[in-house]
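Below are the chains, spelled out letter by letter.
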Number of protein chains: 2
Amino acid sequence: MMIKTVIKGDIVFQKEPTKFVTIKSGYITIENGKIASVSDALKVDGDYEFLDFDGKLVVPGLVDTHLHAPQNAFRGTDMDLELIDWLNKSPFSEEAKYSGAEYAEKAYGIFTEGLKNSATTRACIFATIHKDATVLIMNMLEDSGLVTYVGKVNMDRNSPDALTEKSADRSIIDTVSVIEATKNLKNTKPIITPRFTPSCSDELMKKLGILRQKYGLPVQSHLSENLGEIELVKFLHPEVDFYAQTYDNNGLFGKSLNGESFKTVMAHCVWSGDGERKLIKDNGVYIAHSPISNLNLSSGIAPVRRFLNEGLKVTLATDVAGGHTKSMFSVMVSCVQVSKMYWRLVDQTLPPITFAEAFYMATAAGGEFFGKVGRFESGYDADILVLDDGVIPSCTTLSPDNRLERYAYLNGDLRSGGICAKFVKGKRIF
Amino acid sequence: MMIKTVIKGDIVFQKEPTKFVTIKSGYITIENGKIASVSDALKVDGDYEFLDFDGKLVVPGLVDTHLHAPQNAFRGTDMDLELIDWLNKSPFSEEAKYSGAEYAEKAYGIFTEGLKNSATTRACIFATIHKDATVLIMNMLEDSGLVTYVGKVNMDRNSPDALTEKSADRSIIDTVSVIEATKNLKNTKPIITPRFTPSCSDELMKKLGILRQKYGLPVQSHLSENLGEIELVKFLHPEVDFYAQTYDNNGLFGKSLNGESFKTVMAHCVWSGDGERKLIKDNGVYIAHSPISNLNLSSGIAPVRRFLNEGLKVTLATDVAGGHTKSMFSVMVSCVQVSKMYWRLVDQTLPPITFAEAFYMATAAGGEFFGKVGRFESGYDADILVLDDGVIPSCTTLSPDNRLERYAYLNGDLRSGGICAKFVKGKRIF
C-alpha cells in the first residue's frame, strides 16, 4: 500500500546553486519515502497524512560529509593547538578510550543523540580503529533513523601504541568483521577509511584498495589539510608528485586500479595544487570543505571559488572535533565568511561564496554522495527539515529565503532552538 | 547598612591576559556592589546572603564595546554584501524607521530584552540620529540593570535624506537634548557618537569636539574598517595623513585640543597604518575589535597580535549587526580563529591569539573603559556570570578553565543555553 504524506509550509529549495526557489504556504507530497511533488497547490489523490507547518520554513535536510564521532567528547577544548600537536593531545588520547565497551556506549550514545537532534540528516562518519565500538555506533545510528556511512578507521604506523593496529592484515580482518557484522543494517553503511596517509603503511593501503573493490564500498579520508602534514607525506612518499597519488596509486581515490569508478570523499583539500585538483576532478572525488575546522587548527582557507570554477564537487562538513560545532548552519556561515577573507587577503579574482551557494553545498552537493538526495525534486529521498524561525524575536517581515539566511546565521543546531521536525527518507525522526 | 553577598562556584578569572586562575568550589564576597574577596575559603563577617552555584562556572561579565541597537532587527540578513553596499541596503533603511515612536518602542524592546538575557553586562551602543528614540532606549536600558554608554548618532552629510540631520547645529541641539533628558539615569550614560567621518561635516565634527569637552563625555566611532571607506575619507580629507586625524583634529580622539585626556573607543582599525596606530597608542584610544563583523562585511582581519605587541588597548565587540550575533563568546572564538588565519596567510611573525587572551579582552580590557570593571579583584564592580555548562552533554572531566573554553565554543548566548545568573554592580539581573 502506498503511504502518502503532505507537508505544508514556507518551502525554500534550490534547482541551481546561485539562487533559491520559494513557495510561501506550499505543499510537498511524499510517497513511499520519496518526494512526489512540490507545489503551491495541494495535489494528491486518495488517502494521505497531512502535516500543517504553515508559517514555518521547510527546507532540504543537511548533509555533513566529514566528522569524527569519537571526537565529539572533546569538542571546543584545546583549540589553541595546531593540527599535529592537537592530534597528539586530543584525538589520539580520546580515541584510545573506545577499546572499552562501557566508555564507547556512553560517549557514542551522547554523540548519536546529538546528531539525531541536529539539523543533519545524513553524514559520513569516522569511528576509531576498534571493531566492536564501530559496530556499536553503527547500530546506534541505525536506531536513530539517520542515514550514514561509518568507517572503522585503519592506521598501522606513525601513531601512538594504543591506536596502532598490529599489522596490515589485522586491520583488514577487523574491517571485514565490521562489514560482515553490519550487513543487515538498512541506513548505516560501511565506508573504507584509511585515517590519512601518514598513519597507513603501503601494505595497508594496497590491501584496503583490494578490499574496497571486493565489497564495492566508497572511501573517505583526509587530504592536504595542513602544510606540516603535506611535508610529512612528502617525506614518507618521495615517489609521488602530490599527496592524492598515495591514495590513487592504491585504488582509493574514486577510481579502482581497473578503472572502475566509486564514490570517494576527501576532507579539506586546503592546499591541493593544480595536479591534485585535476585528479580530484578526473576521478570525481568529492571535497568535504570544513571551514570551521580549518580555522580552529590554523590550517588555512580552501579556495572554494576556484574549486567551483574548475567544476570540482564541493560539499560541506563540520569535521567534529577539529570543528567544534555539529551545526551545519554554522558551517555554511563559516564557508561564506572564509571565502570573503580569501577574496580580500589572498586572491581578489575569486569572489566570495554566497549564502545560496553554501546552502546548496550542504544539501544538493553533499546529498549526491548518497544518491538522489538533497533536492526537492520528484524521485528524490524525502529528507526534510522544518524550522520554526518564530523563535527569533523580530519586528521585520522577510521573504522565506531571507528568513532561511537569518536562521542559519542566528540559530544553533538544536531541536530546542527551532528545528521542530526532521524527516529522513520520509520517516519522521522527531 | 552594608549589604553582603557570597557566591559559591567554580571560579575562573584572570590577573593577566595569558592565563587563567581557577578556584574550584571557591567563594566571591560582594560588598555594596563591589568585589570584596575571592578565595578558596568562606571569609565573611556578619550577615550575608549566600548563593550556592557549586559545580557551575563563575566568571567576570562580558563587555561589548561596539554595537548598533537599531541594527538588531536585521541581524543575519543580507550578509552577502560588502560594507558600503550593505550600509545603503540594510542599516540606513532600517535606522530611518526609528523616527517613529511605535516602531522604536517595539524594536528597542526586543533589543534590550535580548541584551539583558545575554552574557553581556556592559556595552557601548550606537542608537540613531533620532533624539526621542535615543532617550527611549536609554530608559529601557536603565530598567534592564545593565551598564551602558549610548550615543545619539550624529550625521549631516553623505547619507540618505531620512538620516541626514538638517544642519550641524540641529545635530548638536538634539544631542544636547538627549544628554539633558537622561542626566538622572544611573547606569546609562551618553557618549559622543559621530557615525564616521564620511557622514559628518567638518563643522559638525568641530562642534562635537566642543560639546564633548563641555560635558566631559567619552567618544565612540568607527575607524579604518574597510578599504573603500578609507579611500572615501582620503577623498573627503586630502589634508590629513591618515583617517584618525579627522577625529583627532577636532578633539574627538582621546585628547581634547587643550590636551586633556578622555575615553574614546574606535571600532575596527583593521587597516590602521603605523602613524594611525601610534596616535591610537599616544592618545590611549581603545580599539573595539569586531572580528565577526569584519568577516561578514569582507573588511579584513585586524592584526590584533601587532596591536598587543605595540601596547595598544584591544577590547572585543559584536558590532551588531555587521556582526550577526550578540554573543560575546562567539566573538572570542572568532577573535582566536581570525588571528590564526592572519598568522597563516598574512604574517607568520604574529602568532595567534589564545582563548585566554580573547577572554581577557572581553572582560578586563573592555571593562577598563567603564572604570574598575572586568576583574575579580577587591574594589572592582561585581559584574558576574554564572554558567551552567552541565547543559553540554559530556563524558569527560575537565578543569574549570577548559570548561570555560568549551562553553565559549559550544554555547550560544542564551539564558536558556546555560547562563543561569548574571550580576551587574552586584545586582542580580536574572
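Everything numeric here is computed off the predicted structure, so don't read it as measured data.

## Re the overall build of chain A
Within chain A, the secondary structure is distributed over 14 helices and 17 strands. Relative to its length of 430 residues, chain A is compact, with a C-alpha radius of gyration of 21 Å against a globular reference of 22 Å. Overall, the C-alpha framework of chain A stretches about 60 × 50 × 40 Å when taken along its three principal axes. For chain A, the share of sequence-separated contacts (at least 6 apart) that also reach a separation of at least 24 residues comes to 74%. In the form shown here, chain A has an accessible surface area of approximately 14900 Å², with 50% of it arising from carbon and sulfur atoms. Distance from the positive charge centre (48 side chains) to the negative charge centre (53 side chains) of chain A: 4 Å.

## Structural notes on the relation of the copies chain A and chain B
After a rotation of 180 degrees and a shift along the axis of 0.0 Å, chain A superposes on chain B with an RMSD of 0.0 Å. Both copies are brought into coincidence by an operation consistent with a two-fold rotation axis. Most of the interface of chain A is mirrored in chain B, where 100% of its interface residues are also at the interface.

## Details of the packing of aromatic side chains
Residue and element names in this part refer to chain A. One pass over the structure, following the stated rule, counts 30 aromatic pairs over all chains. Judged by centre distance (4.7 Å) and plane angle (40 degrees), the ring pair of Tyr98 and Tyr108 falls under tilted. Of this pair, Tyr98 sits in the loop between helix 2 (91-95) and helix 3 (101-116) while Tyr108 is found in helix 3, placing the two residues ten residues apart along the sequence. Looking at Tyr98, the relative accessible area reads 2%, which means it is buried. Among the residues examined, Tyr108 registers a relative accessible area of 0% and is labelled buried. Following the ring pairs from residue to residue traces out a cluster consisting of Phe20, Phe355, Phe359 and Tyr409. Over the aromatic face of Phe262 sits the side chain of Arg212, whose NZ or CZ is 3.6 Å from the ring centroid.

## Brief notes about a nonpolar patch on the surface
On the surface, A:Leu42, A:Tyr48 and A:Phe50 cluster together into a nonpolar patch covering about 260 Å² of accessible area. Along the polypeptide, A:Leu42 turns up in the loop between strand 3 (34-39) and strand 4 (49-60).

## Re the pairing of strand 15 (residues 384-387) of chain B
All names here are of chain B. By the alternation rule, side chains of strand 15 split into Ile384 and Val386 and Leu385 and Leu387, which are all buried. Across four bridges, strand 15 lies against strand 16 (residues 419-424) in antiparallel orientation. Its bridge partner being in strand 16, Val386 is matched across the sheet by Ala421.

## Points about the packing of helix 12 (residues 328-346) of chain B against helix 14 (residues 400-410) of chain B
Two packed helices can be described by the angle between their axes and the distance between those axes. All names here are of chain B. For the pair helix 12 and helix 14, the least separation of the axes is 7 Å and the interaxial angle reads 100 degrees. By the criterion of interaxial angle, the relationship of helix 12 to helix 14 is roughly perpendicular. For the pair helix 12 and helix 14, the contacting residues are Phe329, Val333 and Val336 in the first and Tyr407, Ala408 and Tyr409 in the second. Among the residues making up the contact of helix 12 with helix 14, the classes are represented as six nonpolar, no polar and no charged.

## Description of the sheet that holds strand 9 (residues 188-190) of chain B
Residue and element names in this part refer to chain B. A sheet is described by the order of its strands in space; here four strands give the open sequence 5-6-7-9, paired in parallel fashion. Of all strands in the sheet, those with a lone pairing partner are strand 5 (62-68) and strand 9, marking the two edges. Pairwise comparison of adjacent strand axes, ignoring direction, gives a mean angle of 20 degrees for this sheet. Pairing of strand 5 with strand 6 (residues 120-126), which is carried by five bridges, proceeds in the parallel orientation. Looking at the pairing, Asp64 lines up with Ala123 of strand 6. Along the sheet face, helix 3 (residues 101-116) touches strand 5 and strand 6 and points at about 145 degrees away from the line of strand 6. With respect to the sheet, helix 12 is in contact with strand 5 and strand 6, its orientation differing from that of strand 5 by roughly 90 degrees.

## Side note on the confidence of the model for chain A
Looking at chain A as a whole, its pLDDT mean stands at 96, while 98% of the residues score no less than 70. Reported for the predicted complex are a pTM of 0.97 and an ipTM of 0.96.

## What to know about the domain arrangement of chain A
A common measure of how large an interface is: the accessible area buried when the components associate. Residues and elements named next belong to chain A. Per the domain assignment, the segments making up chain A are domain 1 (4-60 + 375-428) and domain 2 (62-370). The straight-line distance from the C-alpha centre of domain 1 to that of domain 2 is 29 Å. Tallying the contact residues gives 28 residues for domain 1 and 27 residues for domain 2. Seen at the junction of domain 1 and domain 2, the total is two salt bridges. For Arg122, the salt bridge is made with Asp383, and the minimal N-O distance between the two is 2.5 Å. Our enumeration of links across domain 1 and domain 2 arrives at eleven residue pairs in polar contact (both at pLDDT 80 or more). Contributions of two or more residues to the side of domain 1 that touches domain 2 are made by strand 1 (4-16), strand 2 (19-31), strand 4, strand 15 (384-387), helix 14 (400-410) and strand 16 (419-424). The biggest single contributor to the side of domain 1 that touches domain 2 is helix 14, with five residues.

## Section: the pattern of salt bridges
Close approach of charged atoms lets side chains of opposite charge pair. What the rule picks out here adds up to 56 salt bridges over all chains. In this structure, the salt-bridge partner of A:Lys19 is A:Glu16, at a minimum N-O distance of 3.8 Å. Taking the relative accessible area as the measure of exposure, A:Lys19 reaches 48% and is therefore partly exposed. For B:Arg305, the salt bridge identified is with B:Glu357, shortest N-O distance 2.7 Å. Residue B:Arg305 is located in helix 11 (residues 304-309), and its partner B:Glu357 is located in helix 13 (residues 355-368); the two are separated by 52 residues in the primary sequence. For the pair formed by B:Arg305 and B:Glu357, the shared burial category is buried. Here the salt bridges share partners, and the residues they tie into one network are A:Asp10, A:Lys24, A:Asp389, A:Arg403 and A:Arg406.

## Describing the side chain of A:Asn294
Secondary-structure assignment places A:Asn294 in helix 10 (residues 291-296). The class of A:Asn294 is buried, set by a relative accessible area of 1%. Only 3.1 Å separates the side chain of A:Asn294 from the side chain of A:His268, close enough to count as a polar contact. Among all residues touching A:Asn294, those that are not within four sequence positions of it are A:Glu225, A:His268, A:Val270, A:His289, A:Ser299, A:Gly300 and B:Met341.

## Let's talk about the sheet that holds strand 17 (residues 427-428) of chain B
One open sheet holds the seven strands; their spatial order is 3-2-1-4-15-16-17 (chain B), and the pairing between them is mixed. Bordering the open sheet on either side are strand 3 (34-39) and strand 17 of chain B, each of which pairs with just one other strand.

## Observations concerning the interface of chain A and chain B
Each side of the interface is counted separately: chain A has 48 residues, and chain B has 48 residues. Between chain A and chain B we count two salt bridges in total. In this structure, the salt-bridge partner of B:Glu82 is A:Arg344, at a minimum N-O distance of 2.7 Å. If you tally residues by element for the side of chain A that touches chain B, the top one is helix 12 (residues 328-346) of chain A, at nine residues. Each residue belonging to the side of chain A that touches chain B can be placed in one class, and the counts come to 23 nonpolar, 14 polar and eleven charged.

Rules and cut-offs
Residues numbered from 1 in each chain as written. Chains lettered and ligands numbered in written order. Predicted model: local features only at pLDDT ≥ 70, side-chain atom pairs only at ≥ 80, totals over all residues. Heavy atoms only, no water. Helix = DSSP H or I, 4+ residues; strand = E, 2+ residues; numbered from the N terminus. Rg over C-alpha atoms; globule rule 2.2 N^0.38 Å. Contact = heavy atoms within 4.5 Å. Areas by Shrake-Rupley, 256 points an atom, 1.4 Å probe, with all protein chains shown as cover. Lys, Arg positive; Asp, Glu negative; His and termini not counted. Charge placed at Lys NZ, Arg CZ, Asp CG, Glu CD. Least-squares fit on C-alpha atoms with pLDDT ≥ 70 in both. Phe/Tyr/Trp six-rings, centres within 6.5 Å; stacked < 30°, edge-to-face > 60°. Buried < 20%, exposed > 50% of the residue type's maximum accessible area, 1.4 Å probe, protein only. Lys NZ or Arg CZ within 6 Å of the ring centre and 35° of its normal. Patch = residues over 30% accessible without salt bridge, like charges linked within 9 Å, V, L, I, M, F, W, Y side chains within 5 Å. Salt bridge = Lys/Arg side-chain N within 4 Å of Asp/Glu carboxyl O. Pairing = 2+ DSSP bridges. Axes fitted to C-alpha atoms, helices over the stretch in contact; angles between N-to-C directions. Parallel < 35°, antiparallel > 145°, perpendicular 65-115°, else oblique. Nonpolar A, V, L, I, M, F, W, Y, C, P; charged D, E, K, R; others polar. pLDDT = per-residue confidence, 0-100. Domains from an automatic or database assignment. Polar contact = N/O pair within 3.5 Å; in protein donor to acceptor, adjacent residues only side chain to side chain.

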